[in-house]
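What follows is the residue order along each chain.
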Amino acid sequence: MNNSDSDSAGPFAGSPANPSAVPRAPAKPSVLRARLAKILATSGVRAAEDDGLSSHFTLGVDSIDAALRGNAGEPGLPRAALHELHAADKSDRTSTAAMAVLLAQRCRALDPDRKPILWISESGEARRQGRLYPPGLAELGVDPSSLIHVDAPDSIAALRAAADGVRSPAIGAVIVELSGKKPKGLDLTATRRLSLSAQKSGVLSLLLRSGSDADNPLPTAAFSRWQIAAAPSVALAGNAPGHSAFDISLLRHRSGLYGLSARLEWNRDDQVFREQQSSERAPDTGAVSALAAVRTDHPGARAA
């Protein structure tokens, strides 16, 4: 007797030889959301949380913010991530430092609590290159009292302090400044730790580099990498000093973006960047940005 067509074969009688050939039911929305959150976490983008704050911060230039959207749903850069800023030249360190502070300022503006910015630098390098200059910060529209400056004895200690700062929800943004081509302790492991901590805490992390090798940068887990240079400012009415200006170039982006560049002006009153058009640009005379956020002759604020 052939029982191949019999109903008495039990519950497995209708099972095909290849179970994977059976079409699966569509995944539930909750399952899809969980998968998306896992993908975003792996890619360095923080999943949206119920903290009432946007997951991204913008520069204020619509065309650039839209381009930076990448695969995300919002324009701009993710705040819960690590970003790198490289000085194009040693002389551009001041402008790169100013850009780091202004990006942190744009990000902390999303938070009604206006949490402080933690700035970490190597004490020896700060003595040689200069410290944060409160009057310059004030002229940029940044309250000097909103920054906490930490002097670390070396790059390893600076990275450890940054890791502690990023994990704290009481901090609005962390900026760690490292100099040289290969700072000790700066590697994929250290930056991965910063990146993961930023995802969990929502604290923006900025890695400020000067003296790095632009042609062969150290591999890091940063979501984006930028090159910053000082740019001539355009004089205002009555030949008054113009707004601080920066040349920015995107070197790396987790979504694969590359080649984005622009000249930006910072409007201290509106706390927003504006793209400077080529027709407005002054002749390049090698001028530095309009205001210095770092000074070597400043006696130095008391370090935390």
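## Remarks on the overall build of the protein chain
Link 1 in the chain: Along the protein chain, the regular secondary structure elements total seven helices and 13 strands.
Link 2 in the chain: Counting all 304 residues of the protein chain, 43% fall into the buried class.

## Concerning the sheet that holds strand β10 (residues 245-253)
Link 1 in the chain: Strand order in the open sheet formed by nine strands is β6-β4-β7-β8-β3-β9-β10-β11-β12, with mixed pairing between adjacent strands. The open sheet has two edge strands, β6 (147-152) and β12 (272-275), and neither has a second partner. On average, each strand axis in the sheet is inclined to that of its neighbour by 30°, with strand direction left out of account.
Link 2 in the chain: In this structure, strand β3 (residues 82-87) lies alongside strand β9 (residues 224-231), joined through five bridges in parallel fashion. Note that in β9 the partner of H83 across the bridge is S224.
Link 3 in the chain: Across the sheet, helix α3 (residues 93-108) lies against β3, β4 (117-122), β6, β7 (173-179), β8 (204-210), β9, β10, β11 (261-267) and β12, angled at about 175° from β8, the strand it touches most.

## Some words on the packing of helix α6 (residues 155-166) against helix α7 (residues 188-201)
Link 1 in the chain: Put simply, α6 and α7 touch, their axes get as near as 9 Å, and they point 15° apart. As judged from the angle between their axes, α6 and α7 are roughly parallel. You can see that α6 and α7 cross each other, and the crossing is left-handed. For the pair formed by α6 and α7, the contact residues are L159, A162, A163 and V166 on the first element and A190, R193, L194, S197, A198 and S201 on the second.

Conventions adopted
Residues numbered from 1 in each chain as written. Predicted model: local features only at pLDDT ≥ 70, side-chain atom pairs only at ≥ 80, totals over all residues. Heavy atoms only, no water. Helix = DSSP H or I, 4+ residues; strand = E, 2+ residues; numbered from the N terminus. Buried < 20%, exposed > 50% of the residue type's maximum accessible area, 1.4 Å probe, protein only. Pairing = 2+ DSSP bridges. Axes fitted to C-alpha atoms, helices over the stretch in contact; angles between N-to-C directions. Contact = heavy atoms within 4.5 Å. Parallel < 35°, antiparallel > 145°, perpendicular 65-115°, else oblique. Left-handed = near helix turned anticlockwise from the far one by under 90°.

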